[in-house]
Amino acid sequence: MPMSEIVAATVDIETNNEKQSATADARLAAIVDSSFDAIISKDLTSIITSWNQAAERMFGYTAEEAVGQSILMLIPDHLKSEETEIISRVRGGHRVASYETTRKRKDGALISVSLTVSPIKNALGEIVGASKIARDISAAKESERRIRLLMREVNHRVKNQFAVILSMVRETSKRSSDPQEFEELIRARIMALSRSHDLLVTSEWAGASLFDLIQEHLKPFGRDEQILLSGPVLTLQSNAVQNLGMAFHELGTNSSKYGALGSEDGQVEITWTIGSSAQGSGTQDSSARDLAAKSVGAAAGRDFQLLWTETSTPRAEHEESARKGFGTVVLQRVAPQSLGGSAQLERSPGRLSWRLSAPLASIIVPQAGVDADEGAALGFGI
């Protein structure tokens, strides 16, 4: 082969290799630039040498602002020692496996990231720097935090439920001589607790609507057309859900046996309002005053008032309902005391009323800047 042809072939090969190399470099650059992860390179003095678009989105600096600056600008003061360890490992030719840490944005906000670091070598195989891949895991960390919080809340609530059930067993056994009656009462009360629990689980323990709570506890007794609800829309705290749920169950049970929900002509009216603390009735104990003193936001200094009133044709067996059973204990002591308030239970032939007054702060879920709308009161049949 003539020398000119050999030279031409060599040039063609070199040109082709250069084109392939340029194509590979362009493809790699496109991959880096379109990555959802921040990909950053730096030299062995921690000076940033490249910065992709994901790094701009994640840390807030443009490539012009970041390239030429020290990587330390992304590391919080209490974690700067991490960079010394990273550079040491890179110089030794070691890859830093993915680990979770914290980095700082341009605006000063801290973000959780998963970080992987690998050595960069030149054509001679010498280590000249490092590449860093950072993935924002803030959402995942927040999800983990919420799960831990919910688990702690569930653990607390389960223990509280155990205490309530033990109290139910003790108090019910004192007032029941028939084993079958005891079993039926305990089963019904535990099921009532379960209904309140279900409402809280549905909302991830964020609370429950008072309207939904009343519906849930009175639904087993039927007589929907004989029940009237009236009051503003309120979201109850988990403690209020549990204790008001028990109260509604006891009131409904008593009413179905001796009162309005046990007769065709009976009527139950449940109303609730919000007013100033001066409108509250009854005298609060020291625990109630302490609870009220801790009230914050829109609910501070305001009272929640609830009134259950039922009327029906008096029955001959009405006097049995006046017996001081566990339901009476719940209505007169357990529910009001747990909410830092007071209650009055009044019975007369063909009529029963239960009035609860408690600090609004112990009833509703706080919402910054939002007052309960007293003008939103509407009446409904369940």
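So, a few notes on the structure that sits alongside this text. (Residues numbered from 1 in each chain as written. Predicted model: local features only at pLDDT ≥ 70, side-chain atom pairs only at ≥ 80, totals over all residues. Heavy atoms only, no water.)

We now examine the pattern of salt bridges. Evaluated as defined, the whole model comprises 14 salt bridges. Here Lys-106 makes a salt bridge to Glu-65, at a shortest N to O gap of 2.8 Å. Taken together, the positions of Lys-106 in the loop between β3 (96–104) and β4 (110–121) and Glu-65 in helix α3 (residues 63–66) put the pair 41 residues apart, joining distant regions of the chain. For Glu-65, a relative accessible area of 32% gives the class partly exposed. (Salt bridge = Lys/Arg side-chain N within 4 Å of Asp/Glu carboxyl O. Helix = DSSP H or I, 4+ residues; strand = E, 2+ residues; numbered from the N terminus. Buried < 20%, exposed > 50% of the residue type's maximum accessible area, 1.4 Å probe, protein only.)

For Val-96, the location among the structural elements is in strand β3. C-alpha separation for the pair Val-96 and Ile-86, spaced 10 residues apart in sequence, amounts to 7.1 Å. When residues no more than four places from it in sequence are discounted, the contact partners of Val-96 are Arg-89, Thr-116 and Val-117. (Contact = heavy atoms within 4.5 Å.)

Before going further, it helps to spend a moment on the pairing of strand β10 (residues 302–311). Two faces belong to every sheet, and in a regular strand the side chains alternate between them. For β10, the tally of buried residues reaches 8 of 10 residues, placing the bulk of the element in the interior. Here strand β9 (residues 267–276) runs beside β10; their pairing, made up of 10 bridges, is antiparallel. Pairing of Glu-269 across the sheet is with Thr-309, part of β10. Relative to strand β12 (residues 351–359), β10 runs antiparallel, the two sharing 9 bridges. The residue bridging Thr-309 from the neighbouring strand is Ser-353, located in β12. (Pairing = 2+ DSSP bridges.)

Applying the stated criterion to the full structure yields 2 aromatic pairs. Centroid distance Trp-51 to Phe-59: 5.9 Å. Interplanar angle 45°. Geometry classified as tilted. Phe-59 sits in the buried class, given a relative accessible area of 2%. Between Trp-51 and Tyr-61 the ring centres are 6.5 Å apart and the planes differ by 80°, which places this aromatic pair in the edge-to-face class. With a gap of 10 residues between them, Trp-51 in strand β2 (residues 48–51) and Tyr-61 in the loop between α2 (53–59) and α3 connect regions that are remote in the sequence. Here Trp-51 and Tyr-61 have matching classes, each one buried. Within the aromatic cluster, the residues linked to one another by ring pairs are Trp-51, Phe-59 and Tyr-61. (Phe/Tyr/Trp six-rings, centres within 6.5 Å; stacked < 30°, edge-to-face > 60°.)

What follows concerns the packing of helix α5 (residues 138–174) against helix α6 (residues 179–202). Following both chains from N to C, one finds α5 and α6 inclined at 155°, their axes separated by 10 Å at the closest point. Between α5 and α6, the interaxial angle falls into the category roughly antiparallel. In the crossing of α5 with α6, the sense of the turn from one axis to the other is right-handed. Contacts between α5 and α6 involve Gln-161, Val-164, Ile-165, Met-168, Val-169, Thr-172 and Ser-173 from the former and Phe-182, Leu-185, Ile-186, Arg-189, Ile-190, Leu-193 and His-197 from the latter. (Axes fitted to C-alpha atoms, helices over the stretch in contact; angles between N-to-C directions. Parallel < 35°, antiparallel > 145°, perpendicular 65-115°, else oblique. Left-handed = near helix turned anticlockwise from the far one by under 90°.)

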